[in-house]
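Reading the structure
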Amino acid sequence: MITLHALWIHENTLFFWGEEPGKYKEGPSGKGRPPVKPRPHPFCCEAPQVAESLQVLGLRVPPTPGEVRLRLPSLGNSPLPSPSLPVATPSKEARLRPWVVPGAGLEARDAVIFLTGLPRSSRVVVLGDSVTFWSEAAKLALELTLRCRFLPSLEREDGEYKASWKYLPDSENDLCRFRLLVEAMPPLCRSEVLEPGTGTPPMALLHAFLSCSVDSLVRLCLEGAPGIRVPRGGGARAPGMWIRALLDSNPVIKAPQEDLARLATQLAPWLRALEGPADPLRLCLRLSAPGDPESSGWHLEFLLQARDDPSLLIPAQAVWATRDVLKCLGRSFENPQERLLEALGRAARLYPQVAATLETPRPAGIDLDVPGAYVFLRDYAPLLEQAGYSVLLPQWWRSPSSVPALRLKVTSPGAGSQGSFGLDSLVDFSWEIAVGDDTVPHEEFLQMVELKTPLVHLRGRWVELNPADLENILQFLGTSGWDGRMTAREVLRLKAGTSQGLPVPLGEVRAEGWLKEALGDGSERFQCLQEPPGFHGTLRPYQAKGVSWLAFLSRYGLGACLADDMGLGKTIQTLALLLHEKAQSQDPLRVLLVCPVSVMENWRQEAERFAPSLQVHLHHGPHRLKDEDFLEAAVEKDLVITTYSLVLRDVEFLSRIHWGRVVLDEAQNTKNSGAGQTQAVRSLKAGHRMALTGTPVENRLSEVWSIMEFLNPGILGTESRFQRQFAIPIERYRNDEKQTLLKEIIGPFMLRRLKTDRNIIQDLPEKIETKVFCHLTREQASLYEAVVQDAMEGIASLDGIQRKGLVLATVMRLKQVCNHPAQLIQDGSALGGRSGKLGRLEEMLEEVIETGDRALIFTQFAQMGTMLKAYLEGRFSREVLYLHGQTSKKERDDLVSRFQGDNGPSLFVLSLKAGGTGLNLTRACQVFHFDRWWNPAVEDQATDRAFRIGQKRNVLVHKYVCRGTLEERIDQMLETKRDLASGILGSGEAWLTELDTEELRRIMFLGEEAVEED
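Quick look at the structure, then. (Residues numbered from 1 in each chain as written. Predicted model: local features only at pLDDT ≥ 70, side-chain atom pairs only at ≥ 80, totals over all residues. Heavy atoms only, no water.)

1. Concerning the overall build of the chain
Within the chain, the regular secondary structure consists of 36 helices and 38 strands. When the 1014 residues of the chain are sorted by exposure, 51% land in the buried category. Long-range pairs, those at least 24 residues apart, make up 72% of the contacts in the chain between residues at least 6 apart in sequence. Of the roughly 46800 Å² that the chain leaves accessible, carbon and sulfur atoms contribute 50%. (Helix = DSSP H or I, 4+ residues; strand = E, 2+ residues; numbered from the N terminus. Buried < 20%, exposed > 50% of the residue type's maximum accessible area, 1.4 Å probe, protein only. Contact = heavy atoms within 4.5 Å. Areas by Shrake-Rupley, 256 points an atom, 1.4 Å probe, with all protein chains shown as cover.)

2. So, the sheet that holds strand β29 (residues 661–665)
Spatially, the 7 strands line up as an open sheet ordered β26-β27-β25-β29-β31-β24-β32, and their pairing is parallel. In this open sheet, the two edge strands, each paired with only one partner strand, are β26 (616–618) and β32 (750–751). Pairing of β26 with strand β27 (residues 639–643) involves 3 bridges; the strand directions are parallel. If you follow Leu-618 over to β27, its bridge partner there is Ile-641. Those strands touched by helix α17 (residues 541–555) are β24 (560–562), β29, β31 (689–692) and β32, and its axis lies near 165 degrees from that of β24. (Pairing = 2+ DSSP bridges. Axes fitted to C-alpha atoms, helices over the stretch in contact; angles between N-to-C directions.)

3. A few points about the pairing of strand β10 (residues 281–288)
Within β10, 6 of the 8 residues are buried, which leaves it mostly tucked inside the rest of the structure. Here β10 pairs with strand β11 (residues 298–306) via 8 bridges, running antiparallel. Across the sheet, Leu-287 pairs through a bridge with Leu-300, a residue of β11. One ladder, built from 3 bridges, connects β10 with strand β16 (residues 390–392); its direction is parallel. Note that in β16 the partner of Arg-286 across the bridge is Leu-392.

4. Considering helix α30 (residues 836–850)
Its 15 residues place the ends of α30 22 Å apart at the C-alpha level, agreeing with the 21 Å of an ideal helix rising 1.5 Å per residue. Residues of α30 that are buried include every one of Gly-836, Lys-837, Leu-838, Leu-841, Glu-842, Met-844, Leu-845, Val-848 and Ile-849, and no others. Where α30 begins, one side-chain oxygen reaches toward the backbone nitrogen of Lys-837, 3.3 Å away; that side chain belongs to Ser-835. Once α30 ends, the next one or two residues include Gly-852, with phi positive near 80 degrees. (Expected span 1.5 Å × (residues − 1). Polar contact = N/O pair within 3.5 Å; in protein donor to acceptor, adjacent residues only side chain to side chain.)

5. Regarding the packing of helix α28 (residues 800–819) against helix α36 (residues 997–1004)
Running from amino to carboxyl end, α28 crosses α36 at an angle of 5 degrees, the nearest separation of the two axes being 12 Å. Classified by the interaxial angle, the pair formed by α28 and α36 is roughly parallel. For the pair α28 and α36, the contacting residues are Arg-803, Val-807, Thr-810, Val-811 and Leu-814 in the first and Thr-997, Leu-1000 and Met-1004 in the second. Looking at the contact of α28 with α36, its residues break down into 5 nonpolar, 2 polar and 1 charged. (Parallel < 35°, antiparallel > 145°, perpendicular 65-115°, else oblique. Nonpolar A, V, L, I, M, F, W, Y, C, P; charged D, E, K, R; others polar.)

6. Focus: the packing of aromatic side chains
Following the criterion strictly, the structure yields 23 aromatic pairs and no others. Note on Tyr-351 and Phe-376: the rings are 5.2 Å apart at their centroids and 50 degrees apart in plane angle, and the pair reads as tilted. Pair noted here: Tyr-351 is in the loop between α9 (336–348) and α10 (353–357) and Phe-376 is in helix α11 (residues 370–386), with a separation of 25 residues, a long-range link. An identical accessibility class is assigned to Tyr-351 and Phe-376; each is buried. Each ring, one from Trp-396 and one from Trp-397, has its centre 6.2 Å from the other, and the planes form 80 degrees; the classification is edge-to-face. For Trp-397, a relative accessible area of 16% translates into the label buried. Counting every residue linked through ring pairs, the aromatic cluster contains Trp-298, Tyr-374, Trp-396, Trp-397 and Trp-462. Between Lys-837 and the ring centre of Phe-930, over which it is positioned, the NZ or CZ distance is 5.5 Å. (Phe/Tyr/Trp six-rings, centres within 6.5 Å; stacked < 30°, edge-to-face > 60°. Lys NZ or Arg CZ within 6 Å of the ring centre and 35° of its normal.)

7. Some points on the sheet that holds strand β36 (residues 907–911)
As summarised here, the arrangement of the 6 strands in space is β33-β38-β37-β34-β36-β35, forming an open sheet in which the pairing is parallel. Because the sheet does not close on itself, it has two edges, and the strands there are β33 (767–774) and β35 (880–883). If you compare each strand with its neighbour and ignore which way they point, the axes differ by 20 degrees on average. Bridge count for β33 against strand β38 (residues 955–962) is 8 bridges, and the pairing is parallel. Bridge pairing links Phe-773 to Val-961 in β38. Packed onto the sheet, helix α32 (residues 889–900) meets β34 (855–859), β35 and β36 and runs at close to 145 degrees relative to β35.

8. Things to note about the environment of Arg-661
Tracing the backbone shows Arg-661 in strand β29. Take Arg-661: its relative accessible area is 2%, and that puts it in the buried class. Put simply, Arg-661 and Leu-639 are 22 residues apart on the chain and 9.5 Å apart in space, counted from C-alpha to C-alpha. Beyond its immediate chain neighbours, meaning those up to four positions away, Arg-661 contacts Ser-554, Leu-577, Leu-578, Glu-581, Arg-590, Val-591, Leu-592, Ala-686, His-688 and Met-690. Side-chain polar atoms of Arg-661 contact the side chain of Ser-554, separated by 2.9 Å.

9. With respect to unusual backbone geometry
Positive phi outside glycine occurs at Arg-590, with the angle close to 55 degrees. In this fold, Arg-590 is placed in the loop between α18 (570–582) and β25 (591–595). Residues other than glycine seldom take positive phi values, yet Glu-666 does so here, at roughly 50 degrees. Counting through the fold element by element, Glu-666 comes out in the loop between β29 and α23 (676–682).

10. Observations concerning the environment of Gly-484
Relative to the assigned elements, Gly-484 resides in strand β22 (residues 483–487). The spatial distance from the C-alpha of Gly-484 to the C-alpha of Asp-428 is 5.8 Å, given a sequence separation of 56 residues. When residues no more than four places from it in sequence are discounted, the contact partners of Gly-484 are Val-427, Asp-428 and Phe-429.

Shown next, in the form of structure tokens:
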């Protein structure tokens, strides 16, 4: 790890250099004669190491190696380490001495791009204060450029005329930031030795950096820009050559000196006018609205405002009453009338109405009618502000609350009525018009439409209303009616914003009756049920609440997703719900439960244990009932259990039954909306639909849409519209407003509880996660480098599907190398002593066995699982269980039963995909992730085989990571991506194929820390 520093040198270079703590061993000595000439810095990094560090931080262009002479605090014959270096420093008084420091430089354009994209932190590089400082300065330069705060300039420098783009701060905020940066500049930024005993003042240094940065960024933006040409016939004359130099990379103008001097003289007044005078006063325009709505007396007042004190405002009348010196609040301003007239003359170029006032002897303001005031507010006020004038507008103008919106009032039958419930039931509605918090009556709204004015006086205040919006609302209400009837499904779609046709945003949706109860916080409104008759067990309080919530939504025919965390008992809550309904009817419930094959037996056993009175039928296996035989048997059962694959295969006769309820367990299996099994389960007819999942969002928000489309079809609109409206803004741009809206929409239909929440469950032990960092053996490191070197050449030359395939293949091979060389080579060779991971696993499992604990060992590779089973059995002379994708259902059940038994084996190796869901393995209190799936949701789901109800001890989770490899770098990325439902990176390694070659190289390269030193 190195500490990186930066300083601005010469005219166009940001120079980076670094300190290496490892070279600073015993600290500087105060003994010895101070060096007369600059000596090499004893513990700085070499130029290639600095360049490599810049690449680690995201630099995509090669820096230029070089060296500079720096004047640094020193003691005797050694410089002191910088404060950022994690070493102790002597307390003796130091003196400045010159030192030669190697490093790497970046031109201004590349430096700004690099600095504005710096990561906040890095495990490899420590950012010194000087780097952080220049990063903030670069952000200011970029903002000024993006806001077009620059001017073309022509200046003479060193006997040559040069064309440049000058930055132009346009607000007090910009000037304040400049001053703060000057005050905060670290001394190291001014350490370059220019002349003996001299340095560059902070203000001049920052000015040089901003000037050069903005100039280079503007030229970058203009490169190849269409429509920019030198005037015809002017290319050989001074003006044309000046324009050409503004667009070219070389700013020097090759034209006769006398012509350029004449051009500079002609440009000077124009540039001064655009820059604004260095005057303590500036023109201020204040718009006042009339208090009487019948009056047209809008007034734009002229004032002078102090630049350093915006609260000091001098009306034009006071200016005209004073000739030579204006005194105000203890301050004096000379020639105020000339200043006001000059400012009004310049403002007249932007706002023509000002020009007419200059024909009067004492211009003090402009009277405007309503259309004129609106044009000023909409068009000219922003233009004047951008030009540096102060514009004071009514506060309501900048408020977004004046946008007209529609409010929907819905009335449905109450809970005690006999009306029908469900998404397709009809409810009464009426529309209201709202402006901010105010409701506009029907008659008043029609009057506002007839006025056809953008400024309307409403409830004692002026508001902006687009006449086109009002016309569209009127046309919409003329078509749909001010009141009528619609389905509850359409109400939900309107609330979600997925219904097309609304001319303006939809504001509040106010519901009454059963729809209000269903869309409110149902978890607090319903009556909490207790254990139903026939339930053999005791429901925990949160489980009783979950059963009551399910029954509540079932009553209204609304689909429900029970998204409790793994191990909180979704199976028990579902069985309790069925028993509750069974107690209210003598007819068979006819519930179809669809689940992965791995949990079928678990469902059967749980039903037999907790709800033995339910009539259960397993629809599975080659001898399962079909067609009429199945139909006759199924309609007499309370619960029919089958699998996703069989629903697709037998959908023809499964869809002929109108099920009382269809339940999807592990509902994330329907995340692919276009898959056949997803389409099959959606086609089933049911009075109520339920989804059970511990990971409602495993990778993408599209999974939420898929689950909700099964539960309550249509309320989130089409999949493509959902992607545009929610998925892309939330996943790509972290739009908090959209995320809040989506949570509000799906909230009534999804109950999510976490077992780490002590308000939900108090007696579950803790889950303690740790990273186990391992080193590669030299054999692994050699194989790793060979794989990377071989792959990068091909990746750089390929594109499309071929490149993606090679990236995935390379990632897979690197993961195999990190696991064990024998997994990559596949030569059947001995395993011992060749893998850092395996060696550490042996050590930790030895402790597991000695303490009598049991452990789960997850790997995504079936081949690695086979190797681990054989090796660990030989190493510990005991049986090791192994479950993988080819394990039959009977074998799976037997393995689980044996592991959970009192005298079961202590080690259980599992394939992550085959054993990561649906298993109850609470006898294990330690979980090892030997290799990473790189999807937190999938890994957590696997961990929850042990961390669930029934677990009596704390669960220790060990995640293995090889240092200095792609495993460590991707692990760091995973930690920053857990905020979006623990899986935004995507399933497996597919997201890696979208990275460019340099990003892949930074992720895959082998760091020096990968191999432990002997």
